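Survey of secondary and tertiary structure
Residue strings, one per chain:
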Amino acid sequence: PRFDEMIQPTILDPQDPYQFKIVDGHLPFNFVSPGRASMASDVIFEPAPGGGPRLSVMFMTGPNARGKSTILRMVAVNSMLANIGARVPAKQMIATPTQLLTNMRTKDSVRLDESSFRAEMNRLAQLTAKAKAYPHNLWIVDEMALGTSVIEQHAIEEAFVGWLINNLDGTSRD
C-alpha cells in the first residue's frame, strides 16, 4: 500500500445512529513505510435495527504477540484521522463523529507514589467522567488491570463493561 492510496472517510451526521466501519484498514505508520508489510483488518460496528440506542462492545482475545493491540491502535488512529477530516489507510471507512477514550499508554509515577494499577484506575475514572458529555464514544481499552491476578482482572473488566452498559447506552436501567 502507498500513501496515495489512502481514502477520504465518509463522516456521518452526529445525529444519525452510531456507525463505525473500517474495511481493509491499516495503521498509517505501516501503510506509508516502504518495504514494511501491513496486514489489512476490518472493524465494523453497525447501527441497531430500527436505529434505536445500542451499545456495541467488542472483545478481542488470543495469545500474546498476535496483533490485538495493533488492531486497537489502528482503530484509534484512524478514528482520530477521520474526526479531523484526514485521509485514512483503508479501502473504506464510514464513521459517526466520535469522542475517543482510551487507557492505552497509562504509566505509573514514582514521583507521585502511584502504581501502574492506580494510574490506570485514575485514568479510567477521568474517562468515565468525560463519557457522558458526548453522544458518541469509542472506547479503546487494552489489557485492563495489568499487574493483578486473572480473577481480579476479569472482575474489574466485568465491572467496567457493566458500568458502560448501565450508564452510556442511552436508556435507563433503574
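Summary of the structure given here. Please read all numbers here as calculations on a predicted model, not as lab measurements. (Residues numbered from 1 in each chain as written. Predicted model: local features only at pLDDT ≥ 70, side-chain atom pairs only at ≥ 80, totals over all residues. Heavy atoms only, no water.)

Assigned secondary structure in the protein chain consists of four helices and six strands. Written out in order from the N terminus, the α and β elements of the protein chain read β-β-α-β-α-β-β-α-β-α. Here the protein chain holds 174 residues, and 36% of them are scored as buried. Put simply, 69% of the contacts in the protein chain that link residues at least 6 apart link residues at least 24 apart. (Helix = DSSP H or I, 4+ residues; strand = E, 2+ residues; numbered from the N terminus. Buried < 20%, exposed > 50% of the residue type's maximum accessible area, 1.4 Å probe, protein only. Contact = heavy atoms within 4.5 Å.)

Turning next to the nonpolar core. Ranked by internal contacts, the top residues of the largest apolar core, which has 20 residues, are Phe20, Val75, Met93 and Ile140. For this core, the element with the highest residue contribution is helix α2 (residues 68–83), accounting for seven residues. The contacts of methionine 93, once residues within four sequence positions are left out, are Ile7, Pro9, Thr10, Phe20, Lys21, Ile22, Asn78, Ser79, Ala82 and Val88. Counting residues in each nonpolar core, the second largest holds nine residues, with Leu101, Trp139, Met144 and Leu164 among its members. (Core = buried A, V, L, I, M, F, W, Y, C linked by side-chain atoms within 4.5 Å.)

Another aspect to go through is the sheet that holds strand β3 (residues 41–45). Strands sit in the order β1-β4-β2-β3 across an open sheet of four strands; the sheet is mixed. Edge positions in the sheet fall to β1 (10–11) and β3, since each of these pairs with one other strand and no more. One ladder, built from four bridges, connects strand β2 (residues 20–25) with β3; its direction is antiparallel. If you follow isoleucine 22 over to β3, its bridge partner there is valine 43. (Pairing = 2+ DSSP bridges.)

Turning next to α2. In this model, α2 (16 residues) spans 23 Å end to end at C-alpha, consistent with the 22 Å of a helix rising 1.5 Å per residue. The set of residues buried in α2 consists of Ser69, Leu72, Met74, Val75, Ala76, Val77, Asn78, Ser79, Leu81 and Ala82. Phi for glycine 85, located one or two positions after α2, is positive at around 85°. (Expected span 1.5 Å × (residues − 1).)

The next point concerns helix α4 (residues 150–168). Every α-helix winds through 3.6 residues per turn, so residues three or four apart in the chain are directed the same way. Look at α4: 26 Å from first C-alpha to last across 19 residues, which is about the 27 Å you get at 1.5 Å a residue. Buried residues along α4 sit in contact with α3 (116–131) and β6 (137–140).

A separate point is the environment of alanine 95. As for its position among the elements, alanine 95 is in strand β4 (residues 92–95). The exposure class of alanine 95 is buried, given its relative accessible area of 4%. Separated by 51 residues in the primary sequence, alanine 95 and isoleucine 44 place their C-alpha atoms 9.8 Å from one another. Each residue touching alanine 95, except ones within four places of it in the same chain, is listed here: Thr10, Ile11, Leu12, Gln19 and Phe20.

Glancing now at the packing of α3 against α4. Where α3 contacts α4, the two axes come as close as 12 Å, and the packing angle between them is 10°. Taken as axis vectors, α3 and α4 run roughly parallel relative to one another. Contacts between α3 and α4 involve Phe117, Met121, Leu124, Thr128 and Ala131 from the former and Ile156, Phe160, Trp163 and Leu168 from the latter. Looking at side-chain class alone, the contact of α3 with α4 contains eight nonpolar, one polar and no charged residues. (Axes fitted to C-alpha atoms, helices over the stretch in contact; angles between N-to-C directions. Parallel < 35°, antiparallel > 145°, perpendicular 65-115°, else oblique. Nonpolar A, V, L, I, M, F, W, Y, C, P; charged D, E, K, R; others polar.)

Aromatic rings in a pair are described by how distant their centres are and how their planes are angled relative to each other. For the structure on display, the rule yields one aromatic pair. Aromatic side chains tryptophan 139 and phenylalanine 160 sit 5.3 Å apart centroid to centroid with 75° between the ring planes, which places their arrangement in the edge-to-face category. In this pair, tryptophan 139 sits in strand β6 while phenylalanine 160 sits in helix α4, placing the two residues 21 residues apart along the sequence. Judged by its relative accessible area of 17%, tryptophan 139 is buried. Look at phenylalanine 160 and you get buried, because its relative accessible area is 11%. (Phe/Tyr/Trp six-rings, centres within 6.5 Å; stacked < 30°, edge-to-face > 60°.)

Structurally, phenylalanine 20 can be placed in strand β2. The class for phenylalanine 20 is buried, based on a relative accessible area of 0%. For the pair phenylalanine 20 and valine 75, spaced 55 residues apart in the sequence, the C-alpha separation amounts to 9.5 Å. Setting aside its immediate chain neighbours within four residues, phenylalanine 20 contacts Val43, Ile44, Phe45, Val75, Ser79, Met93, Ile94, Ala95 and Leu138.

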